[in-house]
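# An overview of the molecular structure
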Amino acid sequence: MPAVTQLIPNFLGGVSRQNDDKKLLGQVTECINGYPDPTYGLLKRPGMKFTNTLKKANGTNFTKTELDNAVWFFIERDAAGSYIGAIKGTNIYIWTSDTGTPCTVTNNATSYLTGTTQNDYHFRSVQDVTVITNKTVVSAMQPAGSYVANSVATIKLTSLVETYSYEVSIQNQPSTVTAQNSTTFDDMLLYDASDINTNHHLVDAIKATIEAQHTASNADFAGVWYLEGYPDSLVIKRGTGTNAVVTDYSAVTGTPVAFDIDAKGGLNNTAVEVFEDEVENATKLPLESFGGHHVTVSNTTNNEDDYHVQFIAYDTTLNRGRGYWEETISRDVSPGLLASTMPHQLENTGPTTFTFNPITWSARKAGNDVTSPLPSFIGNKITTTFFYSNRFGLLSQDNVFFGVANDIYNFFVKSALTQIDSDPIDLNVSSIRPVTLSDVLPSPQGLMLFSERQQFQVLATNSSPFTPATTVIRSLSNYEMAPDISPVDVGVAATFVNRVPGYSKLFSLQLRDVEQSPIVVDISKVVLEWLPNTIDNLTVSPQNSVIMLIDSNTSYLYLYRYYNNGEKDIFQAWTKWQLPGTIQTADIINDSVVIVSQHEDEYTIGKIILDEIPTGSNTTGVTSITGNTCLDMAARPVQPATGIDAVVYDATNEVTKIYTPYTPFQQKEAIMLLSVPEADVGLPAAVDADAGFYLAAIARTEIGTGYRYFEVKGDYTSYADGIVIGYGYDFEVTLPKFYYKLDPTTSDYTATLTISRVIFSIGRTGPIEFKLKAGGSDEWRDVEYVTDANTYVADSSPITQEHNFTIPIHQRNINFELKVTSNYPYPVSLVSMMWEGNYSPRFYRRK
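Everything quoted here is computed from the prediction, not taken from an experiment. (Residues numbered from 1 in each chain as written. Predicted model: local features only at pLDDT ≥ 70, side-chain atom pairs only at ≥ 80, totals over all residues. Heavy atoms only, no water.)

What follows is about the side chain of Asp277. Tracing the chain through its elements places Asp277 in the loop between strand S21 (272–275) and strand S22 (278–279). Here Arg331 takes part through its side chain, which lies 3.2 Å from a polar atom of the side chain of Asp277. With residues near it in sequence (within four places) discarded, Asp277 still touches Tyr147, Ala149, Asn150, Val152, Val295, Thr296 and Arg331. (Helix = DSSP H or I, 4+ residues; strand = E, 2+ residues; numbered from the N terminus. Polar contact = N/O pair within 3.5 Å; in protein donor to acceptor, adjacent residues only side chain to side chain. Contact = heavy atoms within 4.5 Å.)

Strand order across the open sheet formed by five strands is S22-S24-S25-S26-S23, with mixed pairing between neighbours. At either margin of the open sheet sits one strand with a lone partner, and together these are S22 and strand S23 (288–290). (Pairing = 2+ DSSP bridges.)

Let's shift gears to the pairing of strand S44 (residues 569–578). In terms of strand pairing, strand S43 (residues 556–564) meets S44 through nine bridges, oriented antiparallel. Its bridge partner being in S44, Asn564 is matched across the sheet by Asp569.

Once that is clear, we can look at a nonpolar patch on the surface. Residues Val126, Phe387 and Ile408 make up a contiguous nonpolar surface patch of roughly 220 Å² in combined accessible area. Here Val126 lies in strand S12 (residues 121–126). With a relative accessible area of 33%, Val126 lands in the partly exposed category. (Patch = residues over 30% accessible without salt bridge, like charges linked within 9 Å, V, L, I, M, F, W, Y side chains within 5 Å. Areas by Shrake-Rupley, 256 points an atom, 1.4 Å probe, with all protein chains shown as cover. Salt bridge = Lys/Arg side-chain N within 4 Å of Asp/Glu carboxyl O. Buried < 20%, exposed > 50% of the residue type's maximum accessible area, 1.4 Å probe, protein only.)

A few words on unusual backbone geometry. Phi at Gln171 takes a positive value of approximately 50°, unusual for a residue other than glycine. With respect to the helices and strands, the residue Gln171 is situated in the loop between strand S15 (165–170) and strand S16 (173–178). Gln171 sits in the buried class, given a relative accessible area of 13%. One non-glycine residue, Asn269, lies in the positive phi region at around 55°. Tracing the chain through its elements places Asn269 in the loop between strand S20 (261–265) and S21. Here Asn269 falls in the partly exposed class, since its relative accessible area comes to 45%.

So, on to the pattern of salt bridges. Enumeration over the complete set of coordinates arrives at 26 salt bridges. With its nearest N and O atoms 2.7 Å apart, the salt bridge here joins Lys23 to Asp20. Among the residues examined, Lys23 registers a relative accessible area of 4% and is labelled buried. In this structure, Glu711 engages Arg700 in a salt bridge whose closest nitrogen and oxygen atoms are separated by 3.3 Å. Residue Glu711 is located in strand S56 (residues 708–713), and its partner Arg700 is located in strand S55 (residues 694–701); the two are separated by eleven residues in the primary sequence. Counted as one network, the salt bridges with shared partners bring together Asp20, Lys23 and Lys737.

Attention shifts here to the sheet that holds strand S14 (residues 152–157). If you trace the five strands from one edge of the open sheet to the other, you get S19-S17-S18-S14-S21, paired in mixed fashion. Among the strands making up the open sheet, the edge pair consists of strand S19 (244–246) and S21. Sheet twist, expressed as the average angle between the axes of neighbouring strands with direction ignored, equals 15°. Pairing of strand S17 (residues 224–230) with S19, which is carried by three bridges, proceeds in the parallel orientation. Each bridged residue has a counterpart across the sheet, and for Tyr226 the counterpart in S19 is Val246. (Axes fitted to C-alpha atoms, helices over the stretch in contact; angles between N-to-C directions.)

On the secondary structure map, Lys55 appears in the loop between strand S7 (49–53) and strand S8 (71–75). Sequence spacing of Lys55 and Tyr603 is 548 residues, and the spatial spacing of their C-alpha atoms is 8.5 Å. Setting aside residues up to four positions removed in sequence, Lys55 forms contacts with Thr60, Asn61, Phe62, Trp95 and Pro102. At 2.7 Å, the side chain of Lys55 and the side chain of Thr53 are in polar contact.

Mapped onto the elements of the fold, Glu602 is located in strand S47 (residues 602–609). Since its relative accessible area comes to 2%, Glu602 is described here as buried. Only 2.7 Å separates the side chain of Glu602 from the backbone nitrogen of Thr663, close enough to count as a polar contact. In terms of polar contacts, Glu602 uses its side chain to reach the side chain of Arg708, at 3.2 Å. Sequence-distant contacts of Glu602, defined by excluding residues within four places in its chain, comprise Thr53, Asn61, Phe62, Ser597, Tyr662, Thr663 and Arg708.

Let's shift gears to the nonpolar core. Counting 51 residues, the largest nonpolar core has Leu549, Val758 and Phe760 as the members making the most contacts within it. Residue contacts for Leu549: discarding those within four places in its chain leaves Val497, Leu506, Leu531, Ile535, Asn537, Leu538, Leu557, Tyr558 and Trp574. Formed by 35 residues, the second largest nonpolar core is a distinct cluster that contains Met548, Val593, Met633 and Ala697. (Core = buried A, V, L, I, M, F, W, Y, C linked by side-chain atoms within 4.5 Å.)

Next up on the list: the packing of aromatic side chains. One pass over the full model with this rule turns up 45 aromatic pairs. Centre to centre, the rings of Tyr230 and Tyr249 are 6.0 Å apart; their planes meet at 65°, and the pair counts as edge-to-face. Pair noted here: Tyr230 is in strand S17 and Tyr249 is in the loop between S19 and S20, with a separation of 19 residues, a long-range link. Exposure remark for Tyr249: the relative accessible area of 29% places this residue in the partly exposed category. Ring centres of Trp361 and Phe411 lie 5.4 Å apart, and the angle between their planes is 45°; this geometry places the pair in the tilted category. With Trp361 in the loop between strand S28 (353–358) and strand S29 (384–388) and Phe411 in the loop between strand S31 (399–402) and strand S32 (425–428), this pair connects stretches of sequence that are 50 residues apart. We classify Trp361 as buried; its relative accessible area is 10%. (Phe/Tyr/Trp six-rings, centres within 6.5 Å; stacked < 30°, edge-to-face > 60°.)

Structural data, given as structure tokens:
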């Protein structure tokens, strides 16, 4: 039976659910509160520093009931500052993520906030604006416009020849004049009270005819008639009111009234034309008219070539005369989107001020429902908003809609006459499967679309910009995805969560060339059934190579970490973090995990800084803590009230009261840690004796005042500048059974192997413990390592930069389990491990 030894070069393999004899070198059975790092090894995760409690505007804390089942979201603005938001009922609350300062929110759209669950809302932040979409609201258009047809007529004189007759019939009553050699266009069309000639002046004849019908009490002529003369045309309007004929360009009063009109005259009866609401082509339009005069140009009998124009007068005061005809919308269609049913915007108007309003959507500018069709999302629920390729877009059912390029919040064509590249793009995924699009991700190859069972890509042919003519959709893959968890991009790949009965999976999707299928990998395969099916959020940090899955309403975060050297992944590891309190939401912002959690009757904001060097040394300012403090809810003592110190010695009971900024956890022992205080301005730092020393603390509530504090035995008021309070957390690594490895992937599980001892190589580590569980037992027992003489600097943290721990075992490899733990407020860094033992291949040759 030869003596053998074998090296586990690192513990960067993370958790594996495979059988122990199938696990690769470096993989473990369980890892809680670990953080794999290619430089330092498997670390104890950084502690969660306390930021603040969630407060109302009046400074009091929110209670559990007041924010229970709130909808949480983050606003990430990098250097400009980031924010935490919550929607509860019809209220929106915002806090700064750095300090937890409450922000003022002016809520002008409470009626839109009808959602009740996290999945009822979608959030998209761009610069100062966060677009909030209520997925339960059906989008709609404003009510269609209305008008009285044939209530305005235009008589256009094209030529004037003496002796020819010109006739205008209104309500079948003709008005006829004969042109003389001295008759001008102005004589025919412009009213002149000093030169009335109903025989030669058309406008006078029409006025006389109408007045005569008023005298005869002809009901077909009841109301007010308005005659507006222009150099080449005469406009006639009719409205309700007392019978009268007005020729002074007065605005129409009363309700418009329809009337019939016809005109003829001149050679072949073509010298005079008349129209009411429609002309055959644009050449029939007069050169002058009144502002807002609306006319439809029909062109042909085909409705698809109709367009609509209105007159814009140069003289904005009189609003008539010379001007131009501008394309506009039909008068009987909706003028635009109904803002109350569309996504709203939360605008950051100052460092701590926000305004929630309906979005001012651009009005419809041209066409009708045929030439400017309604967006496909009208009448449906909107699930997602996005910005891509200079366009604002929406997802609704199986449609993706891109607004006008470089014209945010405009969803309608600019002209009914022709399609231009900047026009909206409305596409359908056209799948053989039922599809409801849930989210998007941008990529260099195009926009990726995600649904519950299929993934698509929106791209432009020939790599051109997105236009209505060049944009197409192709199917990418057919993988199931949880629609309520937004996919995220990690550097060059996208990740999404798939739920199956009992557990969850995490997939990575990496695009290749446009014509090639993507590479999709189940990166959670190694931890099959380890991720719960209650995962409800996903956040990433590409620069730290971290993917984090959040299990809200529990205390757990699940981390997938990898390291790529530019050619391949050097390691891929899963680990689980257990945090104090119940997680409400979490996000990675600027290399820090920001966590909102609930405990006792309040909510708190905490922060874990990723990749913080585990030195074990901490420096404390007045309210700040610098360094990797291995404490959760780590905070500095605070004054409970003016005139009361943050650290007070109670001589009667011989205890020190350390007042806390948050409510302590009941039935949970806290820790007081002594650190190095920050130097005063112009003075060297005063290093307190026993820096790094810690004591268990008991949570108390002061009778009479209700102040919250931790209590430790003895007088520590002289250390007040360096005291840190918080809670310890377990770093726990359960190792698999040891097998002799014939090669890195093959274990000899048939041989007899007795483990004599295990030697751990560690770096930058404080006290750690080793526990052993015998086969068939559920109880873990402490196992003492071989004590070696060692030293550390007095009055400092007991951190060993490099050390070997030798653990005596002397048992068969299949008869025990080994676990490494630490609940001390100091870092841990597992670098590698070597086991020694006796190996018997039972006289069989191993190949």
